[in-house]
Amino acid sequence: MPASAPTILATSIGFAGRGRGPYDWSPGPVFDLAFSLAGAPERPKLCYLGTATGDDPVRIAGVYGAFAGSAVEVSHLSLFTMPTVPDMRAHLLAQDVVWVGGGSVANLLAVWRVHGLDEIFREVWEAGVVLGGVSAGSLCWHVGGTTDSYGPDLRPVTNGLALIPTSNGVHYDSEEQRRPLYHRLVADGTLPAGHATDDGVGLVYRGTELVEAVADRPDKAAYRVAPGPDGGVVETRLEPRRLR
C-alpha cells in the first residue's frame, strides 16, 4: 500500500551507532516514521542509495546490518560501476521507502542525471513511494541549499530535483557556516525561501506542503527562512514533534 499522497521525509537524521564500531548502526525512530508514512506494511521494503559517498560498500553493509533480524526487506541501488538492478524504475517503484544517504549532493545529482534517475524519481514520488534521506539525501529533493561538495568552504547548490520547490538547509546547528550562508543565499535570491533542520530533525512533506517537523532528540528545531525587509531574512523557529 503506497503513501496516501506523494511524501518526502527530508532530514538531518542519520543512523544511530550501537557502539561497536563506526558502521554498526541502529535505524532509529525516523525509519519507523517512514514506514508509517508508507502505510505501515507488515514487511516494509526499503531501498538504500549511497550515491553521495560513491556507493561505499562498507556503508551499504551498515544499512543491511542496521535492519538485520527485523521485518524490513532491505535492498540497495548502486550506480558504480554500473547499476546493480536490471530495471531501476521497476525496482524503485516496488519499494515502500527509498532512503538516500549523505555525502556529496553535487556528485549525487550529476550521477543521477546521467542515469535518468531525476525523471524516475518524480514518477516514484507521484506513485506514493516515500522518498527520504539525510543531508545530501535531504537537499536533493529541493531546489537547493548549502553544501560542502566543493570543499570545506560551503557553497550553494541550486540544481536539485525540485520535487519540493523550496530550498533546504541541513546541519543547521552543528556546522558554523551553514546558518549564515543559508541566510545570505535566501536574502540575495540565490535560493528561494525554505526550511532548515538542526541535527536530529526532519521535515515531512505531503505533496509540496510541509505538514510537520519531527525530532529524535530534545532541544532541536526546524526553521522557516524567507526574505525579509532591508535585504535580510526572517527566520521562524518551528517546534518539532518528538519521535519515540
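My aim in this report is to walk through the structure given alongside it, one point at a time. (Residues numbered from 1 in each chain as written. Predicted model: local features only at pLDDT ≥ 70, side-chain atom pairs only at ≥ 80, totals over all residues. Heavy atoms only, no water.)

A word on the state of the cysteines. The full count for this structure, using the stated rule, is zero disulfides. With no disulfide partner, Cys47 has as its closest neighbouring cysteine sulfur the one in Cys140, 13 Å distant. A relative accessible area of 0% places Cys140 in the buried class. (Disulfide = S-S within 2.5 Å. Buried < 20%, exposed > 50% of the residue type's maximum accessible area, 1.4 Å probe, protein only.)

Of note, the bond from Phe80 into Thr81 is cis; its omega dihedral lies within 30 degrees of zero at -5 degrees. Within the element layout of this structure, Thr81 appears in the loop between strand 5 (73–76) and helix 3 (88–93). Backbone geometry at Ala162 places phi at a positive 60 degrees, although glycine is not the residue there. Mapped onto the elements, Ala162 comes out in the loop between strand 9 (155–157) and strand 10 (164–169). (Helix = DSSP H or I, 4+ residues; strand = E, 2+ residues; numbered from the N terminus.)

Another aspect to go through is the pairing of strand 7 (residues 130–134). Of all the five residues making up strand 7, five are buried; the element is thus mostly covered by neighbouring parts of the structure. The alternating pattern of strand 7 places Val130, Gly132 and Val134 on one face and Leu131 and Gly133 on the opposite face, and all of these are buried. For strand 1 (residues 7–11) and strand 7, the ladder comprises four bridges, and the chain directions are parallel. Residue pairing across strands places Ala10 opposite Gly133, the latter belonging to strand 7. In this structure, strand 6 (residues 97–100) lies alongside strand 7, joined through four bridges in parallel fashion. The partner of Val97 across the bridge, within strand 7, is Val130. (Pairing = 2+ DSSP bridges.)

Across the six residues that make up strand 10, a large majority, five, are buried. As judged from the three bridges shared by strand 8 (residues 142–147) and strand 10, these two strands associate in the parallel manner. What sits directly across from Gly145, in strand 10, is Asn168. Direction of pairing for strand 10 relative to strand 11 (residues 194–197): parallel, over a ladder of three bridges. Looking across to strand 11, one finds that Ser167 is bridged to Gly194. Traced from strand 10 through helix 7 (residues 178–187) to strand 11, the parallel crossover comes out right-handed. (Right-handed = clockwise from strand over helix to strand, strands pointing away.)

Before going further, it helps to spend a moment on the environment of Cys47. Here Cys47 is to be found in strand 4 (residues 45–49). The sequence separation of Cys47 and Glu73 amounts to 26 residues, and the corresponding C-alpha distance is 8.4 Å. If near-sequence neighbours (up to four positions away) are discounted, Cys47 is found in contact with Ser75, His76, Leu77, His91, Leu92, Gln95, Val97, Val98 and Trp99. (Contact = heavy atoms within 4.5 Å.)

Glancing now at the side chain of Asp198. Checked against the element boundaries, Asp198 lands in the loop between strand 11 and strand 12 (201–206). Lacking a salt bridge, the buried Asp198 has Arg237 as its closest oppositely charged neighbour, with an N-O distance of 5.1 Å. Separated by 3.0 Å, the side chains of Asp198 and Tyr223 make a polar contact. Those residues in contact with Asp198, other than ones at most four positions away along the chain, are Ser12, Tyr172, Asp173, Lys220, Ala221 and Tyr223. (Lys, Arg positive; Asp, Glu negative; His and termini not counted. Salt bridge = Lys/Arg side-chain N within 4 Å of Asp/Glu carboxyl O. Polar contact = N/O pair within 3.5 Å; in protein donor to acceptor, adjacent residues only side chain to side chain.)

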